[in-house]
Amino acid sequence: MIKRLSACIREYKLPSLLSPVFVSLEVVMEVFIPLLMGKLIDNGIEKGDSSYVLKVGALLVVICLLSLFFGVAAGTYASKASAGFAKNLRRDMFHNIQTFSFASIDKFSSSGLVTRLTTDVTSLQNAYQMIIRIAVRSPAMLIFSLSMALSINAKLSLIFVCIIPLLGAGLAFIVSKAHPVFKRMFKVYDKLNTVVNENLHGIRVVKAFVRENEEEKKFRGVSQTIYKLSKKAEFYLSYNAPLMQISSYTAMLLIAWVGAKLIVSSGETELTTGELTSVISYTMQILSTLMMLSMIFVMLTMSRAAGERICEVLDEKSDLISPESPVTQVRDGSIDFENVGFSYSGDKEKLCLKNVNIHIESGETVGIIGSTGSSKTSLIQLISRLYDVTEGTLKVGGVNVKEYDLDVLRRSVATVLQKNVLFSGTVKENLRWGNENATDEELTEACTLAQADSFIRELPEGYDTFIEQGGTNVSGGQKQRICIARSLLQRPKILILDDSTSAVDTKTDALIRKGFKEYIPETTKIIIAQRISSIEAADKIIVLDGGEVSGFGTHSELIASNEIYRDVYYSQQKGGKENE
Amino acid sequence: MSDNMKKIPPKMPPKMPPNRHGGVPMKIEGMKLDPKVIKRIFSYMSKKHIVLLLCVVACIFLSSLANVYSSLFLEDLIDGYIKPMLLNGSDDFSGLLSMLLRMAGLFALGIVATFTYNRIMVVVAQGVLKKVRDEMFTHMQSLPIKYFDTNSHGDIMSRYTNDIDTLRQMISQTVPQVISSAVTIVVTFTAMVTSSIPLTSVVIICVAFMLFFTGKIASQSGKFFMKQQDALGDVNGYIEEMMTGQKVIKVFCREDKTKEIFDEKNEELYRNAFSANKFVNMLGPINNNLGHLQYVILAIAGCFLAILTAAGKFPESGFMSIFTISAGTVVAFLQLSRSFTMPVNQISQQMNSVVMAMAGAKRIFDVIDEESEADEGYVSLVNAKYGDNGEITETAEHTGLWAWKHPHEDGTTTYTKLEGEVRFFDVDFGYNEEKIVLHNISLYAEPGQKVAFVGSTGAGKTTITNLINRFYDIADGKIRYDGININKIKKSDLRRSLGIVLQDTNLFTGTVKENIRYGNLDATDEQIIEAAKLANAHSFISRLPQGYDTLLTNNGANLSQGQRQLISIARAAVADPPVMILDEATSSIDTRTEALVQKGMDALMKGRTVFVIAHRLSTVMNSDVIMVLEKGVIIERGTHEDLIAKKGKYYQLYTGAFELE
């Protein structure tokens, strides 16, 4: 994981290196400070040597300024490195997501990807900054302080050399106890969020069924678990401060006792009062450093989860890639399904489409009809290779879809998705998704064909009207027609409409189909619909049932031979012959 | 050192749905410490908590005292023991030993105090948080639908996560730290003043300078933080929109263009994040080194004073005597000055988190202070049975017969059989007072009738059904349910008598069975399967990996939209209500399945009132009455045949001459 993540540092390697370098320099300066202060006391203040005090004082000021400079430099480089690291993480993830197959998008879900790109990145950014700053600082501080203290008086230093491992062990014990509890607590936090989130989204259901009390019970249960777990985790942590105090007070008293004895017995030859002060300062510094280290350890283990989630995205490789030497031309709009089977999981045992054998001529109009969950959408998503077939072969223009360059294939096969999305931007900008270089005339032409031109003109600013995120300021039917126009602008060889006119009234629907017939006769048109009227006139109709083709033929053929089709037909005809 | 070092490891930011503007939707600007908010927080503490809190303050006092003495005792050690012993050449350490033992006693007391208050704080803080959390949720359940319409879910969610967390940080970290800092400041300051006034003034000047500097930098970083938040919001918004439309991006091969725009926004965020963090990172070294500088200045000044004192330059008494100082005192003073500066810095840094927590607390209290759904209803729904004379009487057991229990002012109680008759008399309604969306709605639904609403988006179809169950209250007119004004009926009973299948299906995390049982908690497994069969959901549920025990997560993400609708129909069916409202309940179900569902529903709804809203006219064709709504007014009403014959709007809709939007 660390290797994978550190690959994202790239151009920020230099600041990432400079930051710890400056941190180390800052530490060196800071370590000298207590030493010089000790000298200041011993040789200056105690002896009343004012010139010495001035001399050392000046040196100290210089060192402070240097330390300040190093500190600021380290901080600046650290923020540059961590912000840059976060930028690269986001960039790499986002770019990789763009190569994702539909299967991968399904796997992570939109909201899962959003969390990874936002919250998780921030969490890693903070962790990274901590690593290159504090995580370097603390050990450096530890080593320098230790050696300084040892150089002053090895015997005295023995005291805290003994205490350090004890404290370290104690802290490690606390962390090891508390960490699993925290981990469990975060899981429960997720659960709390789920409960609140579902409650908010389903508040009408809650109120309609008068389930407020049950919801409260659910929430209180989770809330109680959080209470218990956080209490438990924080109880462990509450040993931290006293442990720290025990260590530092003990060290201080022992050093004072031994130090005083040493000073007095040797008559300030082996140890001076100033040195004693310095040793105590170093002791405090070392102990607090240990404390910091234990904190860093806890924080890092916590951001590990975020790192893992990010790596999942970074490591996700799309198996849907263009081949080595791709075919870059789609000859025509013919489609051949040869023994095609498909499963979202790729598991041949759980096929949701089975034994599909269909030949569609270029330029034909083909309708698909079938009940809820009969895999209509799955079938058409295979054509532009949004998913790969699990079994069999699928050919477009006589060539296996896997041999095409993906972009070429998808530009030739336009799919108007069932769950379609308009993006924030003007109508024009949305339309140009289909073809960036489309002229205004071409836009109008496509919209006229999709029966969208007239209502777009009636919008406050016509084609320049701003569409809100998700297209909330146009109606469902209008949205669908803009989406169709957008796909038409691609000038595809195959046009697939996945229930794309469900919110459009029957008359307009008919006009759209008529337009297709007249203006884009060479384009193969595949239409999934609930309404028989939408596909009745198609050259061929596919009836899907439970993932298998139950019928394939013209309307009259199917009426004669296919029971399901007949059922659907009559269910919609009942008392509605005047429909059209 | 010691307790100041204690920090609870920061929690991983709990996941929440990213709101459009990213970051925490919190305005800190202009927030002041509001004593009312503080009082409010305290009100969540029980008596026991208050007592505990007093113990905490006492413990913190003890602990800080021990801490302060740990720096003061150096002076004592050097001046009081080492120096004299050096001078006398004595080797009698008993005095020193007893002093050290006394200190050890004090330290031990301090340690125990530290431990005690840390422990207690956990109990108090977590107790308060739980209470606040529970009360917020409980109160939220009582809020009217309007509240949920007008507040973004992301924003409400963040109160349960971010805001509660800032509150936790404040109670369990900031409060003890501020108290202990204050104690330390007072004690060290007194000690400083008693040992040397001139040196103390030097410290004050240095600290003032330090605070000024810190403030400057904080305001600089604040500016960049705002910019960073904006940039973050921009990037997060873009990410959210693109992730939602990711499949469309792929269909149109827009990957490269999307990347390009993202990179630009990402770069902008990087620049701002860099600047904002840079200033924050400066704060540490600057404070540290200013502290060191102060130390040096003090050392030099103190040294000169000590030298002058030693040379006898200051008189024994009089004003100039305050300059008298010994070398040992200087050493101790230096130590003291550090103990003084540290808490001052800490408090200045803590202020930020206090202000944040106040803002968070205020947002939580805003939810709790929100007015609950009003319910003056007194008519309740009871199980009933026919008495000997054919009159309706109340009974405890479930009879399948329900009645409205209507207590009157004169003390008598009447029972009205629950039939499901709904009447609207000239009802007007608006989501706010300025904009009335329904005008003069009058309608009459007999028990057992199927009433359909047809009309464009925004014509007011859903709104009408929302008035029947009192999700919203009418502005004018009257709605009667079995002849009773619905304002008199207890909301919970009113709603229990209505089954609703909504346009947007909402399933909860849990098994399929649990989801269906949501409609009727007492339903047996057989009843659940029965309801599922009725909704035509049984066959696909049986095909799920674990059948009825299959776990649904994420609003049933593993099901198709149509399947989710079938489950929600089953959920309403198991509730077995006398009145059913179907709001586009079958919009994602194919017509053939719909016909099957319809058949089951018709069987279920025999003799019960049904309100249907549908886009597909085939769904509503066989209704007893069809109401065509336009801009909040019923423009046509009648049966399918009546309306076709009328050749009005419905006819146009039906023949496709007019489009529903």
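Residues numbered from 1 in each chain as written. Chains lettered and ligands numbered in written order. Predicted model: local features only at pLDDT ≥ 70, side-chain atom pairs only at ≥ 80, totals over all residues.

## Notes on the overall build of chain B
Right, on to step 1. Scanning chain B from N- to C-terminus turns up 19 helices and 16 strands.
Right, on to step 2. In terms of overall dimensions, chain B is more spread out than a globule: its C-alpha atoms have a radius of gyration of 37 Å, far above the 26 Å expected for 661 residues.
Right, on to step 3. For chain B, the spread of C-alpha atoms along the principal axes amounts to about 120 × 70 × 50 Å.
Right, on to step 4. By the burial criterion, 46% of the 661 residues in chain B qualify as buried. (Helix = DSSP H or I, 4+ residues; strand = E, 2+ residues; numbered from the N terminus. Rg over C-alpha atoms; globule rule 2.2 N^0.38 Å. Buried ≥ 20, exposed ≤ 12 C-beta atoms within 10 Å, placed from the backbone.)

## Quick word on the overall build of chain A
Right, on to step 1. Counting secondary structure elements, chain A contains 20 helices and twelve strands.
Right, on to step 2. For chain A, the C-alpha radius of gyration of 36 Å lies well beyond 25 Å, the compact-globule estimate for 580 residues.
Right, on to step 3. Its C-alpha atoms give chain A principal-axis dimensions of roughly 120 × 55 × 50 Å.
Right, on to step 4. Every one of the 580 residues in chain A was classed for burial, and the buried ones make up 53%.
Right, on to step 5. Sequence-distant contacts, at least 24 apart, represent 79% of the contacts inside chain A between residues at least 6 apart. (Contact = placed C-beta atoms within 7 Å.)

## A short note on the packing of helix H9 (residues 240-266) of chain A against helix H2 (residues 47-88) of chain B
Right, on to step 1. Relative orientation of the contacting elements H9 of chain A and H2 of chain B amounts to 15 degrees, with a least axis distance of 10 Å. By the angle between their axes, H9 of chain A is roughly parallel relative to H2 of chain B. As for the relative orientation of H9 of chain A and H2 of chain B, their crossing is right-handed in sense. Of H2 of chain B, the residues touching H9 of chain A (which contributes Tyr249, Met252, Ala256, Ala260, Ile263 and Val264 of chain A) are Ser70, Leu77, Tyr81, Ile82, Met85 and Leu86 of chain B. (Axes fitted to C-alpha atoms, helices over the stretch in contact; angles between N-to-C directions. Parallel < 35°, antiparallel > 145°, perpendicular 65-115°, else oblique. Left-handed = near helix turned anticlockwise from the far one by under 90°.)

## Here's the deal with helix H6 (residues 154-201) of chain A
Right, on to step 1. Here H6 of chain A contains 48 residues, and its C-alpha end-to-end distance of 67 Å stays within 8% of the 70 Å for a straight helix at 1.5 Å per residue.
Right, on to step 2. At Ala178 of chain A, H6 of chain A shows its strongest bend, of approximately 25 degrees, with the proline Pro180 of chain A following within four residues. (Expected span 1.5 Å × (residues − 1). Bend = angle between axes of the 7 residues up to and from the residue.)

## Overview of the sheet that holds strand S9 (residues 484-485) of chain B
All names here are of chain B.
Right, on to step 1. Strand order in this open sheet of four strands is S6-S5-S8-S9, and the pairing throughout is antiparallel. A single partner strand is all that each edge strand has here, and the edge strands are strand S6 (435-445) and S9.
Right, on to step 2. Pairing of strand S5 (residues 422-432) with S6, which is carried by seven bridges, proceeds in the antiparallel orientation. Directly across from Val422, in S6, lies its bridge partner Ala445. (Pairing = 2+ DSSP bridges.)

## Points about the interface of chain A and chain B
For interface size, the figure often reported is the accessible area lost on association.
Right, on to step 1. Listed per partner, the contact involves 142 residues of chain A and 136 residues of chain B.
Right, on to step 2. Considering every element that reaches the side of chain A that touches chain B, the biggest residue donor is helix H3 (residues 50-98) of chain A, with 27 residues.
Right, on to step 3. Its residues assigned to classes, the side of chain A that touches chain B shows 61 nonpolar, 54 polar and 27 charged. (Nonpolar A, V, L, I, M, F, W, Y, C, P; charged D, E, K, R; others polar.)

## Quick notes on the environment of Asp624 of chain B
Residue and element names in this part refer to chain B.
Right, on to step 1. Looking at the secondary structure, you find Asp624 in the loop between helix H17 (617-620) and strand S15 (625-630).
Right, on to step 2. Note: C-alpha distance between Asp624 and Thr639 (15 residues apart in sequence) is 5.8 Å.
Right, on to step 3. Leaving out residues up to four positions away in the same chain, Asp624 has contacts with Gln449, Lys450, Val451 and Thr639.

## Digging into H2 of chain B
Since the α-helix advances by 3.6 residues per turn, residues separated by three or four positions end up pointing in the same direction.
Residues and elements named next belong to chain B.
Right, on to step 1. In this model H2 runs 59 Å from its N-terminal to its C-terminal C-alpha over 42 residues, within 8% of the 62 Å that 1.5 Å per residue would give.
Right, on to step 2. Taken as a whole, H2 carries its principal kink of about 35 degrees at Ser71.
Right, on to step 3. Just downstream of H2 lies Gly89, where phi reads positive at about 70 degrees.

## Concerning the sheet that holds strand S2 (residues 392-394) of chain B
All names here are of chain B.
Right, on to step 1. Taken together, the four strands give an open sheet; going across it, the order is S2-S1-S3-S4, and neighbouring strands pair in antiparallel fashion. Bordering the open sheet on either side are S2 and strand S4 (413-417), each of which pairs with just one other strand. Each adjacent strand pair in this sheet contributes to an overall mean axis angle of 50 degrees, direction not counted.
Right, on to step 2. Sheet topology places strand S3 (residues 402-407) next to S4; five bridges connect them, and they run antiparallel. Pairing of Trp404 across the sheet is with Thr416, part of S4.

## A few points about the pairing of strand S13 (residues 579-583) of chain B
The two faces of a sheet get side chains in turn, since along a regular strand they alternate between them.
Residues and elements named next belong to chain B.
Right, on to step 1. Counting buried residues along S13, five of its five residues qualify, which places the element largely inside the surrounding structure.
Right, on to step 2. Here S13 shows a buried face lined by Val579, Ile581 and Asp583 and a second buried face lined by Met580 and Leu582.
Right, on to step 3. Of the pairings in the sheet, the one linking S13 to strand S14 (residues 609-613) comprises five bridges and is parallel in character. Paired with Val579 across the two strands is Thr609, which belongs to S14.

## Some words on unusual backbone geometry
Right, on to step 1. Positive phi is not limited to glycine here, since Asp499 of chain A has a value of about 50 degrees.
Right, on to step 2. Mapped onto the elements of the fold, Asp499 of chain A is located in the loop between strand S9 (494-498) and helix H17 (506-519).

## Some remarks on the domain arrangement of chain A
Right, on to step 1. Assigned domains of chain A: these are domain 1 (1-151 + 304-319), domain 2 (154-270) and domain 3 (346-573).
Right, on to step 2. Each of domain 2 of chain A and domain 3 of chain A has a C-alpha centre, and these two points are 58 Å apart. (Domains from an automatic or database assignment.)

## With respect to the packing of H3 of chain A against helix H8 (residues 255-310) of chain B
Right, on to step 1. Running from N to C, H3 of chain A and H8 of chain B cross one another at 165 degrees; their axes reach a closest spacing of 7 Å. Classed by the angle they form, the pair H3 of chain A and H8 of chain B counts as roughly antiparallel. Viewed along their axes, H3 of chain A and H8 of chain B form a crossing whose handedness is right-handed.
Right, on to step 2. In terms of residue class, the contact of H3 of chain A with H8 of chain B is built from 25 nonpolar, 19 polar and eight charged.

## Some remarks on the environment of Phe424 of chain B
Residue and element names in this part refer to chain B.
Right, on to step 1. Among the structural elements, Phe424 can be located in strand S5.
Right, on to step 2. Looking at Phe424, the number of C-beta atoms within 10 Å reads 21, which means it is buried.
Right, on to step 3. For the pair Phe424 and Ala445, spaced 21 residues apart in sequence, the C-alpha separation works out to 8.8 Å.
Right, on to step 4. Setting aside residues up to four positions removed in sequence, Phe424 forms contacts with Ile441, Ser442, Leu443, Gly477 and Ile479.

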